[in-house]
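# What the coordinates show
Each chain is listed here by its residues.
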Amino acid sequence: MGRSPRKDLIAGLTVAIVALPLALGFGISSDAGAEAGLATAVVAGALAAVFGGSNLQVSGPTGAMTVVLVPIVHQYGTGGVLTVGLLAGALLILLALVRAGRFMAYVPVPVVEGFTVGIAAVIGLQQVPGALGVTTPKGDNPAIVAAKAVGDFATHPHWTALAVALTVAAVMLIGVRLRPGVPFSLIAVVAATLVAQLAGLPVATIGHLPAGLPTPSLGFFETSAVLALLPSALAVAALAALESLMSATAADAMSVSERHDSDRELFGQGLANLAAPLFGGVAATGAIARTAVNVRSGAASRLAALVHAAVLAVIVFAAAPLVAGIPLAALAGVLIATAVRMVEVGSLRALARSGRGEAAVMALTAAATLAFDLVTAVIVGLLVSGVLALRSVAKAARLEQVPLHEDLPSADRHDEEQALLAEHIVAYRIDGPLLFAAAHRFLLELTESAEVKVAILRMSRVSAIDASGATVLGDAIARLHRRGTLVLVSGIRDEHHRPLDALGVLDRLRDDGHVFDTTPDAIAHARTHLHKLAIPAGRTPAAMTTAGAPS
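Everything in this summary refers to the structure shown in the same document. These figures come from a predicted structure and were not determined experimentally.

So, about the overall build of the protein. Looking only at helices and strands, one finds 23 helices and 8 strands in the protein. Within the protein, the proportion of its 551 residues that are buried is 51%. A separation of at least 24 residues holds for 84% of the contacts in the protein among residues at least 6 apart in sequence. Surface summary for the protein: the accessible area is close to 24,800 Å², and the carbon and sulfur share equals 63%.

In this section: the side chain of Ser262. Mapped onto the secondary structure, Ser262 falls in helix H10 (residues 262-275). Since its relative accessible area comes to 19%, Ser262 is described here as buried. Ignoring anything within four residues of it in the chain, the contact list for Ser262 reads Gly101 and Leu245.

A word on the side chain of Ser54. Assignment of secondary structure puts Ser54 in the loop between helix H2 (34-51) and strand E1 (59-60). Separated by 3.2 Å, the side chain of Ser54 and the backbone nitrogen of Gln57 make a polar contact. Contacts of Ser54, omitting those with residues within four sequence positions, involve Ala248, Ala251, His260, Glu265 and Arg302.

Moving on to a nonpolar patch on the surface. Nonpolar side chains collect at one region of the surface, where Val50, Phe51 and Phe267 lie side by side and expose about 230 Å² of accessible area between them. If you trace the backbone, Phe51 turns up in helix H2. Look at Phe51 and you get partly exposed, because its relative accessible area is 36%.

What follows is about helix H23 (residues 519-532). Helix length check: H23 (14 residues) gives 20 Å between terminal C-alpha atoms against 20 Å at 1.5 Å per residue, within 8%. Buried within H23 we find Thr519, Ala522, Ile523, Ala526, Arg527 and Leu530. For H23, the arc enclosing every buried residue in end-on projection is 140°, short of the 170-degree limit, so these residues lie on one face.

All right, on to helix H3 (residues 63-97) then. Under the 1.5 Å per step criterion, the end-to-end length of H3 is only 27 Å for 35 residues, more than 12% shorter than the ideal 51 Å. Within H3, the axis deviates most sharply at Tyr76, by approximately 125°. Where H3 terminates, the next one or two residues include Arg99, which has phi positive at roughly 60°.

Turning our attention to unusual backbone geometry. Positive phi, close to 70°, is recorded for Asp31, a residue that is not glycine. If you trace the backbone, Asp31 turns up in the loop between helix H1 (5-29) and H2. Taking the relative accessible area as the measure of exposure, Asp31 reaches 39% and is therefore partly exposed. For Arg99, which is not a glycine, the phi torsion comes out positive at approximately 60°. In this structure, Arg99 sits in the loop between H3 and helix H4 (109-126).

What counts as what
- Here the residue index of a chain counts from 1 through its sequence in written order.
- At least 70 in pLDDT is required for a residue's local features to be given in this predicted model, at least 80 for side-chain atom pairs to be given and counted, and no such filter applies to totals for whole chains, interfaces and linings, which use all residues.
- Calculation of side-chain values draws on the structure's entire complement of heavy atoms; hydrogens and water are dropped beforehand.
- A run of H or I in DSSP becomes a helix once it reaches four residues, and a run of E becomes a strand once it reaches two; helices and strands are each numbered from the N terminus.
- Type-normalised accessible area, obtained with a 1.4 Å probe on protein chains alone, sets the label of each residue: buried when under 20%, exposed when over 50%, and partly exposed for intermediate values.
- Whether two residues are in contact is decided by their heavy atoms, any of which lying within 4.5 Å being enough.
- Note on areas: Shrake-Rupley with a 1.4 Å probe; residue coverage comes only from the protein chains shown.
- What qualifies as a polar contact is a pair of N or O atoms within 3.5 Å, subject to a donor-acceptor requirement within protein and to the restriction that residues adjacent in sequence count only when both atoms come from side chains.
- Patch criteria: residues need more than 30% relative accessible area and no salt bridge. Like-charged residues are merged within 9 Å; nonpolar side chains of Val, Leu, Ile, Met, Phe, Trp and Tyr are merged within 5 Å.
- We define a salt bridge as a side-chain nitrogen of Lys or Arg found within 4 Å of a carboxyl oxygen belonging to Asp or Glu.
- Expected span, for any helix, means 1.5 Å times one less than how many residues it has.
- As used here, the arc is the angular range of directions from the helix axis to the C-beta atoms.
- Here the bend at a residue means the angle between the axes of two seven-residue stretches, the one that ends at it and the one that starts at it.

This is how it looks when you write it as structure tokens:
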């Protein structure tokens, strides 16, 4: 933290200016109040900066988290949200202790993009009542609530609030294109507040804020509520882990040499979420937008995030009366602009061009976010991505009939011997993964082969095999045996013996000496078998069709 204190001080002050309206807005959006958003930004922001796994990450309340918290507030009240925050903090620490951070790499990009689009849509819809200056209608689904708010506005229009919200959003969206380094969110909110107060505009404001953080308390934490709130806590912990690690990864990408520690990041976020509810805060996570501002402002260490938390704490203690006069419509405009900026149109276009499957996963994840909740959406996206991945795996597995002559000893490569072998022996090479997704297609192709005396299964190119693939392989061998075909197997990798031996697939072949290390050994055994059957050298050899180049 002593490397570049001046840069960190400037970056921390810049991030605090950007974070102030966001913390207020997200606190109000979560229905826990503006003071809850500020408390979260101060307490969680400081603790995550010290104990987290990223030197450049900035934590606090986020739009994605408010999406999860709103239904909790509606069902259990503010105390329920605080209890959920504590439980989520404990779960995050548990995830850190079991080193679960490495699994973030397995979340597919289409799921992340769809998740982000869905969050942006939900955040934007949540701001509709505030932007229209109407009381937020009852309901959990943001689209339905927004539709009701539009109906209320049509009955009793409130054009002043709408004008304030649209002006703030326009200033932010246009300003960031012209001068990316200028904190237009704060400028727009300050200007809207001054105009509203000086002109006496009839708009709702934040109202009274306590001048300081609440005294730590555990009065809201009751044992009887833990089981009822545990599913919600799981959802909050999953979202906090996902968003924090995404944000830390983004910070690494924007910096030159920084690399975050995923498990330590989970630990830091866990401590932050344990502490924030004690001061009236809500669940927190790494904030991608604020982290990006921090990096682009020249932050070099954790000092910048600590300065950001300290500046917000000064505002809480010294400027609460000024903050109380901010119009709610102005904060709605800030969050609408934030939602618009969350959607990277270029990334969406590139993903849509990469394939219909990826585009479908992205769209389905976004739709599930709107219709259900974020955790359900991620689960749906992961399941669909898994099905598509298995489909690709199944297509990657191939069964090829290959020629024998290249595996023959040079003394046996004369035409008559090759004709004999080609007429009565067939060799199949299995390429790729032999998993359940491809196993039945493999069985069909193998058992539909021509009538031959000997079938050699070359398995040196099998990349993976599971219980289903081993079972199907055993069924194919049994069918060939019933047709009177001798089956020889060659080139089994060491790591593939376990599933095959566990199911006894090769027991009979191994007892009969029909499992070989190399294909030439298997061919030699097949030749001996043909001579024992007294099969003469073919005068009219059958032409052998090959489906691929010899291995």
